Structure formats: structure tokens, C-alpha cells
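Structure at a glance
Chain by chain, the residues:
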Amino acid sequence: MVRVGDLDTAATAPGSPFLDALTKGGAVLLADEQLRPGPGAAGPRLPPGAGPGVHSWLLVPMLARGVALGTAVFMRSRSPRRFEPEDVQLAEQIVTRTAVCVDNASRYHRERTTARTLRRSLLPQRLPSPSAVRTATRYLPASEHTGLGGDWFDVIPLSGARVALVVGDVVGHGLQSAVTMGRLRGAVRTLADLDLSPVELLAHLDEQMNRFLDERGDEVSLVTGATCLYAVYDPVSRLCQLARAGHPPPAVVSVDGAVDFVDLPGGPPLGLGGVVFEEREIALDDGDLLVLYTDGLLESRAGLRHRAAPDACHPLPDARVGRAEGGVRHAGP
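What comes next concerns the included structure. (Residues numbered from 1 in each chain as written. Predicted model: local features only at pLDDT ≥ 70, side-chain atom pairs only at ≥ 80, totals over all residues. Heavy atoms only, no water.)

Secondary structure assignment for the protein chain yields six helices and eleven strands. Put simply, the protein chain has 333 residues, and 43% of those count as buried. Put simply, of all contacts in the protein chain between residues at least 6 apart along the chain, 67% involve residues at least 24 apart. For the protein chain, the computed accessible surface area is about 17,600 Å², with 53% contributed by carbon and sulfur atoms. (Helix = DSSP H or I, 4+ residues; strand = E, 2+ residues; numbered from the N terminus. Buried < 20%, exposed > 50% of the residue type's maximum accessible area, 1.4 Å probe, protein only. Contact = heavy atoms within 4.5 Å. Areas by Shrake-Rupley, 256 points an atom, 1.4 Å probe, with all protein chains shown as cover.)

Bringing the pairing of strand S6 (residues 226-234) into the picture now. Among the nine residues that make up S6, eight are buried, leaving the element largely enclosed by the rest of the structure. Bridge count for S6 against strand S7 (residues 239-245) is seven bridges, and the pairing is antiparallel. Considered in S7, the bridge of valine 232 is made with glutamine 241. Here S6 folds back onto S7 in antiparallel fashion, the turn holding four residues, of which arginine 238 has a positive phi close to 60°. (Pairing = 2+ DSSP bridges.)

Overall, antiparallel pairing links the three strands, which are arranged S1-S2-S3 in an open sheet. Taken across any chain shown, the strands that pair with only one partner, and hence form the sheet edges, are strand S1 (28-31) and strand S3 (67-76). The sheet shows a mean angle of 20° between the axes of neighbouring strands, direction not considered. Bridge count between strand S2 (residues 56-64) and S3: nine bridges; the pairing is antiparallel. The partner of leucine 59 across the bridge, within S3, is valine 73. (Axes fitted to C-alpha atoms, helices over the stretch in contact; angles between N-to-C directions.)

Let us now look at the environment of methionine 209. Residue position: methionine 209 is located in helix H5 (residues 198-216). A sequence separation of 29 residues divides methionine 209 from threonine 180, and the C-alpha atoms of the two residues are 8.6 Å apart.

This part is about the sheet that holds strand S8 (residues 251-253). Note: strands within a sheet are paired through backbone hydrogen bonds, in either parallel or antiparallel orientation. Taken in spatial order, the three strands line up as S9-S8-S11 in an open sheet, and their pairing is antiparallel. The two strands at the open ends of the sheet, each matched to only one other strand, are strand S9 (259-261) and strand S11 (289-291). Pairwise comparison of adjacent strand axes, ignoring direction, gives a mean angle of 25° for this sheet. Direction of pairing for S8 relative to S9: antiparallel, over a ladder of three bridges. Opposite valine 252, over in S9, you have aspartate 260 as the bridge partner.

Turning next to the nonpolar core. Generally speaking, nonpolar side chains in soluble globular proteins are found buried as a group. Within the largest apolar cluster, 49 residues are counted, with the highest numbers of intra-cluster contacts made by Trp152, Leu184, Leu202, Leu205, Tyr230, Cys240 and Leu270. At the level of elements, strand S4 (150-157), strand S5 (163-170), helix H4 (175-192), H5, S6 and S7 are the ones that each hand at least two residues to this core. Here the element with the most residues in this core is S6; it accounts for seven residues. Counting residues in hydrophobic clusters, the runner-up holds eleven residues, among them Val60, Ala91, Val95 and Ala99. (Core = buried A, V, L, I, M, F, W, Y, C linked by side-chain atoms within 4.5 Å.)

The final tally for this structure, using the stated rule, is eight salt bridges. Arginine 107 is paired through a salt bridge with aspartate 103; the nearest N and O atoms lie 2.9 Å apart. Here the residue arginine 107 and the residue aspartate 103 both occupy positions in helix H3 (residues 85-122), the gap between them amounting to four residues, near one helical turn. Look at aspartate 103 and you get buried, because its relative accessible area is 9%. Ionic pairing is found between aspartate 154 and arginine 185, a salt bridge with its closest N-O pair at 2.9 Å. Here aspartate 154 is found in strand S4, whereas its partner arginine 185 is found in helix H4, with 31 residues between them in sequence. In terms of burial, aspartate 154 and arginine 185 fall into one category: buried. (Salt bridge = Lys/Arg side-chain N within 4 Å of Asp/Glu carboxyl O.)

Looking at the element boundaries, threonine 227 is found in strand S6. Side-chain polar atoms of threonine 227 contact the side chain of histidine 247, separated by 2.8 Å. Non-local contacts of threonine 227, meaning those with residues more than four positions away in its chain, are made with Trp152, Val167, Gly168, Asp169, Ala245, Gly246, His247 and Pro269. (Polar contact = N/O pair within 3.5 Å; in protein donor to acceptor, adjacent residues only side chain to side chain.)

Interpretation note: all reported values are geometric properties and have no functional meaning in isolation.
Next up, the structure:
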């Protein structure tokens, strides 16, 4: 019995049938006397409980994309019939398909782990504490089975005590969406330093997204666009300017608990090019809560997406993070 992580010296010793199968890249048949090696010789290791009744072995190397993953072992003990050449063909077909599945699962796990680590590193680890607002965020995947999305959020201090609140979502899942998300977040921070209005910033971001897609070439199908909502709050005038590119509209939770969705033109997603975005300006009173989110918050447990805004009013009070002069909450993807 060999534990996971331990080295099986019998399997890797010179003359081992396991090593022989991997070296020549073909099946190895063993029967009767071949299963009883002489003293000091490396022979097959019978699994616990196999007993001496095992009289025929078939070892098939597991190969995927030119990489050896291991050796599959077939044994016969109860049936007196030995493995025949037709058994080898069937076993090789089974092992070939199994090896591809194992390799795909391993690649998926590696990419998912890489994307998760990259996404976490690209999101803000600690939000700034502007004097104008109090902010709170939460990044919560809607499902572990849908893959990693490209959702992001940010809080950017601006001149004159103003603050920019951003939330966005890259269409697609996996490593490429996480990379695009990081690039878009960096682009938003750079553009915000230019003191642009929300519509101007989205127009520049749309051009940047087009450049990202052009760079991907024939891989463009992996990421087809992105949505974004950009808001700038001025604590002096208590006015908030907002614009969105295909993103769900923000909600305002007033002091008395009423929930209203901002009447903000949706605009097309980023990446279409040559589009014109529209801007709205709203007044926020002391204690109002501005809620920014991604479409994952609108998913019902039954899997329905893009529910109408009035139907989404019920989850929002539960999602509140407390009273503030301004607030941002993110949930997704």
C-alpha cells in the first residue's frame, strides 16, 4: 500500500512493468509466471485484498497531450480467462478517454486557481476612507459552479473632497476575464485622475475596451465586452453624477427605508465602439445609501436572470450595510 505523495520504489525500479509501459507508451500484458518475479527483481505490486488469485495483469499507460499521467492497471482473478489482444484495444480506448478527462480537470483546476488568485490580487484589498462618504463592499460569487467572473468595484478619491464609485462586470469567465477586469480597473483609475465626467470616462473606457478586444485577435470570443457604472459624488453640493454602460441601475435607500432605482439610461456595453452615453444627476440626503451591484444580485434561486427592478426591491434591505452619507455595495458575479 502506497500513500499519496510517497514514492513507490517497486513501480519506478528498473525492469518494473509500470516503467516499461510508460517507456514504450504501450500496454503490457503479464500472466502466471510473469507475476512471480525472482528474488530481488522488481515486479508488480498486488493491491490489498487481491490475494494470490490474480493471474493476469494488463497495464496501460495514461497519456494526454504527450504527457504521462500514470499507469492504469487491470487485473483478473475470478475469471480463468486471461487478457487477450481484444481486451487490450478496449482498455486502451477507456484509458485514453480517461486520461483526457483527468488532464482537462487538472488544467481547469489550475486555471481556476490562477484566476481566483489573480482576481483577488486585482481587487482593492483595502478601500480608501474619504471624508465625504462611508463605504462598504462585499464580493460574493453568485455560484461556485458558473466559473469565475470578471466583476470588480472601486472607490477613488477625487479633488475637492469628491469621490468616485465604480462597479463593473466583464462578460465571460475564467482567467482571461480576470485579466481584462484588472486592466479595466487600472484604466478607470487612470481616467479618473483626469477629472472627467462620467460620460467622458465611459467613452474613453469604451475605446480602451475595443483595444483590449483587438489585442486578443482570434481569442476575442473568450471576452466579448463589459459593463460599467461610474458615479461621482460631491459632498459640497450633495449631488451625484452617474452614467452606465449596459450595467444594472443603482438603487437609493433613503433614511425612511424606501428603495428607489435611479432612472438612468442604460447605454450599450463597453466594447461596441462609437456609442454615446447619457448622464444623470441626483441629490443625496444625509443618511441615504447608494447601492451599486452587478447582475448576480438579481439572480433568483431558481436561476432567473435580469429580473425587473421593482421585483428586486425585496433583497435590497437585507443587503444594506448601514447608514452613510454615501455608500457602495457590490455583490456578484
